[in-house]
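Summary of structural features
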Number of protein chains: 2
Amino acid sequence: MNTEPYLEDFKRILKKENLRYTSQRVEILKEIASSNHHLECEDIYFSLREKGVDASLATIYRTMDLLVKHQFVRKLNIGEGRARYENKIDGEHHDHLICTECGNIIEFVENDIEVLQEEIGKKYGFKLTKHIHQLYGICEDCQNETD
Amino acid sequence: MNTEPYLEDFKRILKKENLRYTSQRVEILKEIASSNHHLECEDIYFSLREKGVDASLATIYRTMDLLVKHQFVRKLNIGEGRARYENKIDGEHHDHLICTECGNIIEFVENDIEVLQEEIGKKYGFKLTKHIHQLYGICEDCQNETD
DNA sequence: TACGCTATTGTTAATCATTCTCAATAACAG
DNA sequence: CTGTTATTGAGAATGATTAACAATAGCGTA
Ligand SMILES: [Mn+2]
Ligand SMILES: [Mn+2]
Ligand SMILES: [Zn+2]
Ligand SMILES: [Zn+2]
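Quick summary incoming for the structure in this document. (Residues numbered from 1 in each chain as written. Chains lettered and ligands numbered in written order. Predicted model: local features only at pLDDT ≥ 70, side-chain atom pairs only at ≥ 80, totals over all residues. Heavy atoms only, no water.)

1. Some words on the pairing of strand 5 (residues 105-108) of chain B
All names here are of chain B. Across four bridges, the pairing between strand 4 (residues 95-99) and strand 5 is antiparallel. Looking at strand 5, one finds that I98 is bridged to I105. Joining the antiparallel neighbours strand 4 and strand 5 is a turn of five residues, in which G103 adopts a positive phi near 80°. (Pairing = 2+ DSSP bridges. Helix = DSSP H or I, 4+ residues; strand = E, 2+ residues; numbered from the N terminus.)

Shown next, in the form of structure tokens:
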């Protein structure tokens, strides 16, 4: 995936807010933009380290906040202690199906549910900003484990 | 609300698992069973205290785990630091609409969504056990605040 | 290019909800 | 009533995330 355009967007946004386009921020955005996984801050920390890029964990956390705020990533909490983050740059909106045995995460898209959610918001006079929709269960593989 | 039948259920379950029917467990179940709110462990701790019932926070946490396990309560995480718990004893299943300004929580029931969830589970071969479905936004009152 | 202002970083300590440890106590079966 | 063992309370420990702060690096300007 070509991350250049996103870096340009990021640069523009940072400038507009009088924030700086630092090497750490660039490397972190590149890392998450080129991944399709659901990463923890520590994952990013170690991936960068392997590539010889040093950025402290605190900086990763700070940068993720920034990226969430500007819609580059989505923060995900799937009931582990730690938060996960996913690339929100491209691809359509989806929610998650999570196996509580093996931790496998499947992404699903269900437009009918999205529409119903909007209706519920309208019904109660809410201006909706986001939603969390996670289905938990046992995946096919884990059901077939014979131990 | 008459909590007697639930206490009897609880007693039976505890005995079956060689666990003890202690005064703390009874008081905690009574407290949550007679509330319609979404309580934190600390809320329960202080409510009991006001009634002259002493139970440590650690015991509240331990008992909530037990009550979750046996379906008396549902654990809820709405993005605050602390977990909340709600009476699951009676009333139909619902999910939540949460105002990010004032923290107000509205319960909604949408059977069509429940059905679609089941279909998604089936589609991916999952045996579903639970789901989290939370809509976040700004409630009507908070939208009308003119400051 | 050099200078100066100030946002950012890394380090380390602090938070804070929750869990753990363990000795003292209370349930409950006999 | 007694013995066994689950439970409790107190306080320490954990673990993810945040905060404090001095050193540094971006970036606008001359
Ligand atoms: Mn995803
Ligand atoms: Mn509720
Ligand atoms: Zn699985
Ligand atoms: Zn509100």
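2. Observations concerning the relation of the copies chain B and chain A
The two copies are related by a screw motion: chain B maps onto chain A through a turn of 180° and a shift of 0.0 Å along the axis, at an RMSD of 0.0 Å. Look at the turn and shift together and you get a two-fold axis relating the two. Ranked by how close their C-alpha atoms come to the rotation axis, the residues of chain B are headed by H133 of chain B, at 2.2 Å. Both copies contact each other with a shared surface, as 100% of the interface residues of chain B are interface residues in chain A too. (Least-squares fit on C-alpha atoms with pLDDT ≥ 70 in both. Contact = heavy atoms within 4.5 Å.)

3. Observations concerning the protein's contact with DNA strand D
Y61 of chain A together with R20, R25, T59 and R62 of chain B are the nearest of the 19 residues found near DNA strand D. Of all DNA strand D atoms lying within 4 Å of any protein atom, the proportion belonging to sugar or phosphate reaches 74%. A distance of 3.0 Å separates a base nitrogen of DNA strand D from a polar side-chain atom of R20 of chain A. R20 of chain B places a side-chain nitrogen or oxygen 2.7 Å from a base oxygen of DNA strand D. Counting residues per element, the ones that place at least two in the surface near DNA strand D are helix 4 (57-69) of chain A together with helix 2 (23-33) and helix 4 (57-69) of chain B. In terms of residue class, the surface near DNA strand D is built from five nonpolar, six polar and eight charged. (Near = heavy atom within 4 Å. Polar contact = N/O pair within 3.5 Å; in protein donor to acceptor, adjacent residues only side chain to side chain. Nonpolar A, V, L, I, M, F, W, Y, C, P; charged D, E, K, R; others polar.)

Note that every value here comes from positions in space, so none of it alone points to a role or purpose.
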